[in-house]
Amino acid sequence: MAGSLVPLSKVPLQFSRPSNCCVFDLRSHQLERYQTCLKQSQQSSIGNISFKESLLLQPLTYHRRLSPVRALDSDVPQPIQEGYEKARNFEQWDSLTAKFAGAANIPFLLLQLPQIILNARNLLVGNSTALFAVPWLGMFTGLLGNLSLLSYFIKKRENEVVVVQTLGVVSMYVVITQLAIAGAMPLPHYIATSVVVFSGLVLNFMNYFYLLHPGIWHLWEDFITIAGFSALPQVMWSTFIPYVPNTILPGLMAFATAVLAVLMARLGKLSESGIKFVGSMSAWTATLLFMWMPVAQMWTNLLNPDNIKGLSATSMLLAMVGNGLMIPRALLTRDLMWFTGSTWATVFYGWGNLLCLYCFNGVSREFFLAATIGFLSWIGITLWRDKEVYGHSSPLTSLKELVFGP
């Protein structure tokens, strides 16, 4: 969505809300009118027409583009930036990266469908025991992560990624429902999960269409912040059981810390940077949860090399493609959290597991080399195109802006 300034004499006055994903297209003849209007307003006071009034009366069309936004400032209005010599290239790349992010729905959907179909077949033939092999706690953690990221991207108005995260929530909830039908997930836990999922979806989309009171939205953000921050250390700790004691102490400590941080932020006891940090905790913890998945998988591969044969090379390739398609958009918008999560999942969950499969003769040499060349080429093209549209001399400048800001 882009905010537009249009002549009052041409169309009815309309208002639109600004977005963090906007582009500008200021043509040369329109720029000349703008400069002429400015000069006339400075040299003449006939009729006492101000510059702002004369500007509105000119047939000027101006689409604004906001500066890139990092994770901590995703919902903070950004100042207008001008001076890009290749505005059309930027607009085209902006459109393409949005389409790439939307196209990620395809590999992610294909990634979940086989499990859903297999579960349905087992339920239909009465083989409910087979569904006990799917850990409901892991599915619940992924579901919570998707809900947190859905809230984050709805605030950013990244429509294509909102669809991706919504699809993730729905597909994981379908799997959890199948597990509950089979008895692999306790019924009280399933009911609580259902309440969270439906409440989260309703609140998120009410907020997207500006139908939700800000106070209710803040309560939802506090909930996902506490839930996500509590789940992260517990999931990390559980990965190394039985080498560490089987305890819920990490989760309880994190829960107490998250509650204290949220209360201090709401009571104004933190600095401005501290409040921003608390506000970004839910998105970062969700990202870290997804980033931990390949670490847990590689740890399992290390302990039980025979389990590698159970990995699907096609699933790992789909994971690599789906996350890789979102890297250009994350880099273009200078979203460090999004870029970190997508790149990590592409490298470690997708390509890293393909490397494990190749080392243990799980895939052919040709398959692995093709995937590697495709992956490296995609990263190279992404960095080169970003350098071009921003007019930098080196791709490293784009990465520097991503981490430290423009």
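Criteria and cut-off values
Residues numbered from 1 in each chain as written. Predicted model: local features only at pLDDT ≥ 70, side-chain atom pairs only at ≥ 80, totals over all residues. Heavy atoms only, no water. Salt bridge = Lys/Arg side-chain N within 4 Å of Asp/Glu carboxyl O. Helix = DSSP H or I, 4+ residues; strand = E, 2+ residues; numbered from the N terminus. Buried < 20%, exposed > 50% of the residue type's maximum accessible area, 1.4 Å probe, protein only. Expected span 1.5 Å × (residues − 1). Bend = angle between axes of the 7 residues up to and from the residue. Contact = heavy atoms within 4.5 Å. Phe/Tyr/Trp six-rings, centres within 6.5 Å; stacked < 30°, edge-to-face > 60°. Axes fitted to C-alpha atoms, helices over the stretch in contact; angles between N-to-C directions. Parallel < 35°, antiparallel > 145°, perpendicular 65-115°, else oblique. Nonpolar A, V, L, I, M, F, W, Y, C, P; charged D, E, K, R; others polar. Core = buried A, V, L, I, M, F, W, Y, C linked by side-chain atoms within 4.5 Å. Disulfide = S-S within 2.5 Å. Left-handed = near helix turned anticlockwise from the far one by under 90°.

Novice: So what's going on with the pattern of salt bridges? Residues and values would help.
Specialist: Scanning the model with the defined rule gives eight salt bridges in all. Linking Lys155 and Glu221 is a salt bridge whose minimum nitrogen-to-oxygen distance equals 3.1 Å. Separated by 66 residues along the polypeptide, Lys155 in helix α5 (residues 136-156) and Glu221 in helix α8 (residues 214-239) bring together distant segments of the chain. Classification of Glu221 by relative accessible area gives buried; the value is 14%. With its nearest N and O atoms 2.7 Å apart, the salt bridge here joins Lys387 to Glu388. Through salt bridges with shared partners, a single network forms among Asp94, Glu158 and Arg329.

Novice: Talk me through unusual backbone geometry; I want residue IDs and the actual numbers.
Specialist: Glycine aside, a negative phi is what most residues show, and trans is what most peptide bonds show. For the bond running from Ile241 to Pro242, omega is 15°, close enough to zero to count as cis. Along the chain, Pro242 falls in the loop between α8 and α9 (249-266). A positive phi angle, close to 60°, is found at Arg157, a residue other than glycine. Checked against the element boundaries, Arg157 lands in the loop between α5 and α6 (159-182). Judged by its relative accessible area of 10%, Arg157 falls in the buried class. Here the phi dihedral of Asn361 falls at roughly 60°; this positive angle occurs in a residue that is not glycine. Within the element layout of this structure, Asn361 appears in the loop between α13 (336-359) and α14 (365-390).

Novice: Please set out helix α4 (residues 105-124) residue by residue, giving values where relevant.
Specialist: Given 3.6 residues per turn, any residue in an α-helix points the same way as the ones three and four places further on. A rise of 1.5 Å per residue sets the reference length of α4, with its 20 residues, at 28 Å; its end C-alpha atoms lie 28 Å apart and thus fit the reference within 8%. Maximum bend of α4: about 25°, positioned at Leu113, with proline Pro114 one to four residues after it. Where α4 is buried, its residues meet α3 (87-103), α6 and α11 (313-324).

Novice: If you had to explain the packing of aromatic side chains to someone new, which residues and values would you point to?
Specialist: For the structure on display, the rule yields 15 aromatic pairs. Arranged with centres 4.8 Å apart and planes meeting at 70°, the rings of Phe153 and Trp338 form a pair that is edge-to-face. Of this pair, Phe153 sits in helix α5 while Trp338 sits in helix α13; the two residues are 185 residues apart in sequence, bridging distant segments of the chain. Of the two residues, Phe153 and Trp338, neither departs from the other in class, the shared state being buried. A network of ring pairs unites the aromatic residues Phe240, Tyr243, Trp292 and Trp299 as a single cluster.

Novice: Mind laying out the side chain of Gln234, listing which residues take part and the relevant values?
Specialist: Its location among the elements puts Gln234 in helix α8. With residues near it in sequence (within four places) discarded, Gln234 still touches Thr247, Ile248, Leu249, Pro250 and Gly251.

Novice: Explain the packing of α14 against helix α15 (residues 395-404) residue by residue, including any values.
Specialist: Where α14 contacts α15, the two axes come as close as 8 Å, and the packing angle between them is 85°. The angle between α14 and α15 places the two elements in the roughly perpendicular class. In this structure, α14 uses Leu383, Asp386 and Lys387 to contact α15, whose residues at the interface are Pro395, Ser398 and Leu399. Residue classes in the contact of α14 with α15 are distributed as three nonpolar, one polar and two charged.

Novice: Tell me about the nonpolar core, and name the residues and values.
Specialist: One finds Met139, Phe153, Leu179 and Met326 to be the most contacted residues of the largest nonpolar core, which totals 46 residues. Among the secondary structure elements, those contributing two or more residues to this core are α4, α5, α6, α7 (187-208), α8, α10 (272-303), α12 (327-332) and α13. If you tally residues by element for this core, the top one is α6, at 10 residues. Not counting the four nearest positions on each side in its chain, Leu179 is found in contact with Leu131, Val134, Trp136, Met139, Ala184 and Met185. Among the nonpolar cores identified, the runner-up in size contains 13 residues, and Ala319, Leu354, Phe368 and Ala371 belong to it.

Novice: I'd like a rundown of the state of the cysteines, residues and numbers included.
Specialist: Throughout the structure, instances matching the rule amount to zero disulfides. Considering cysteine sulfurs only, Cys359 is the nearest to Cys356, which forms no disulfide, with 6.6 Å between them.

Novice: If you had to explain the side chain of Ser398 to someone new, which residues and values would you point to?
Specialist: When you line up the elements, Ser398 lands in helix α15. When near neighbours in sequence (up to four residues on either side) are disregarded, Ser398 contacts Leu331, Arg334, Asp386, Lys387 and His392.

Novice: Let's hear about the packing of α7 against α8: which residues, and what values?
Specialist: The description of two helices packed together rests on the angle between their axes and the distance between the axes. Interaxial distance between α7 and α8 falls to 11 Å at its minimum, and their mutual angle equals 135°. The orientation of α7 with respect to α8, classified from their angle, is oblique. Taken as a pair, α7 and α8 cross one another with a handedness that is left-handed. Of the residues in α8, those touching α7 at Val196, Gly200, Leu203, Asn204 and Asn207 are Ile216, Trp217, Trp220 and Phe223. Across the contact of α7 with α8, the residue classes tally to six nonpolar, three polar and no charged.

Novice: Provide a residue-level description of the environment of Phe375, including the pertinent values.
Specialist: Turning to its location among the elements, Phe375 is positioned in helix α14. For Phe375, a relative accessible area of 13% puts it in the buried group. Along the chain, Phe375 and Met320 lie 55 residues apart, while their C-alpha atoms are 8.2 Å from each other. Excluding residues that lie within four positions of it along the chain, Phe375 makes contacts with Met320, Thr346, Val347 and Trp351.

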